[in-house]
Amino acid sequence: PGRLTRLCGLLASGLLATSVAAEPSDRESRELTADEIVVSATKAPEPVKESAAAVTVVTREQIDRSPYTGGHQLDDLLRSVPGVQPATLSSRYNHPTAQSVTLNGLGTRRTLVLLDGVPLNDGFGGWVNWGLIPNDIARVEIVPGGASNLYGTWAMGGVIHVITRAPAVNFAPSG
């Protein structure tokens, strides 16, 4: 019960701190920040430094600085992440049934790829159609190692979780 209460407190403070700025005071305006929170390693939000898994997070800023800014180019971007081995030929030239990924060389049918929590792996062959990933990626969480106890047999080698940005909401009156 104590750990759950602490986790809920961390989650609440992390969500509030990352999405809401503090009320400006008379003298200055301050912004609250919190540690980066991941969801993929345990299916529950937790700070990266408290995760039992060796999580690698590719941030939006890193994606913007790379030559591979589009979601359909994510396999090319993942080539620069240690332990991640996409198919030899880029998805820009490869047929979708030949697109694969492996973590730490465990095999192409052993890495689960999620898009906002929804599996992208083909149910028959395990390939990943990288062209289905939209360009509005917020971050990519990579959890190498066995995660089949949380995610099933597709995640024996680990999980690559692509998280997209929330769409902007425009409440401007029409007319």
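Higher on the page you've got the structure.
Residues numbered from 1 in each chain as written. Predicted model: local features only at pLDDT ≥ 70, side-chain atom pairs only at ≥ 80, totals over all residues. Heavy atoms only, no water.

*Asks:* Which residues make up the side chain of T102, and what are the values?
*Replies:* Its place among the elements puts T102 in strand 5 (residues 101–103). Each residue touching T102, except ones within four places of it in the same chain, is listed here: G83, V84, Q85, G107, T108 and T111. (Helix = DSSP H or I, 4+ residues; strand = E, 2+ residues; numbered from the N terminus. Contact = heavy atoms within 4.5 Å.)

*Asks:* Describe the sheet that holds strand 6 (residues 111–115), listing the residues and the values that go with them.
*Replies:* The mixed open sheet is built from 5 strands, whose spatial order is 3-8-9-6-7. Of all the strands in the sheet, just strand 3 (56–59) and strand 7 (118–119) have a single pairing partner and so form its edges. Pairing between strand 6 and strand 9 (residues 158–164): 5 bridges, direction parallel. Along strand 9, the bridge assignment pairs V113 with I160. (Pairing = 2+ DSSP bridges.)

*Asks:* Lay out the nonpolar core in plain terms, naming residues and giving numbers.
*Replies:* Formed by 20 residues in total, the largest nonpolar core has its most connected members in L74, L78, V140, I142 and I160. Breaking this core down by element, the ones donating at least two residues are helix 3 (74–78), strand 5, strand 6, strand 8 (137–144) and strand 9. Once you skip the residues sitting within four places of it in the chain, V140 turns out to touch T56, V57, V58, L74, L78, I160, H161 and V162. (Core = buried A, V, L, I, M, F, W, Y, C linked by side-chain atoms within 4.5 Å. Buried < 20%, exposed > 50% of the residue type's maximum accessible area, 1.4 Å probe, protein only.)

*Asks:* An account of the environment of V143 is needed here, citing residue identities and associated values.
*Replies:* You can see V143 is positioned in strand 8. On the basis of relative accessible area, V143 is assigned to the buried category, the value being 5%. Here the alpha-carbon distance between V143 and L112, two residues 31 residues apart in the chain, equals 9.9 Å.

*Asks:* Tell me about the environment of A53, residues and numbers included.
*Replies:* Tracing the backbone shows A53 in the loop between strand 2 (46–47) and strand 3. Through-space distance from the C-alpha of A53 to that of I142 is 9.8 Å; in sequence the pair is 89 residues apart.

*Asks:* Pulling in residues and values, what's your account of the pattern of salt bridges?
*Replies:* Taken as a whole and judged by the stated rule, the model has 4 salt bridges. A salt bridge links D64 to R60; the shortest N-O distance between them is 2.7 Å. Here R60 and D64 lie together in helix 2 (residues 60–65), a separation of 4 residues that amounts to about one turn. We classify D64 as partly exposed; its relative accessible area is 44%. Using a relative accessible area of 12% as the deciding quantity, one classes R60 as buried. We note a salt bridge from D76 to R79, for which the minimum N-O separation is 3.3 Å. By relative accessible area, D76 is classed as buried at 5%. Taken together, the salt bridges that share partners define one network made up of D75, D76 and R79. (Salt bridge = Lys/Arg side-chain N within 4 Å of Asp/Glu carboxyl O.)

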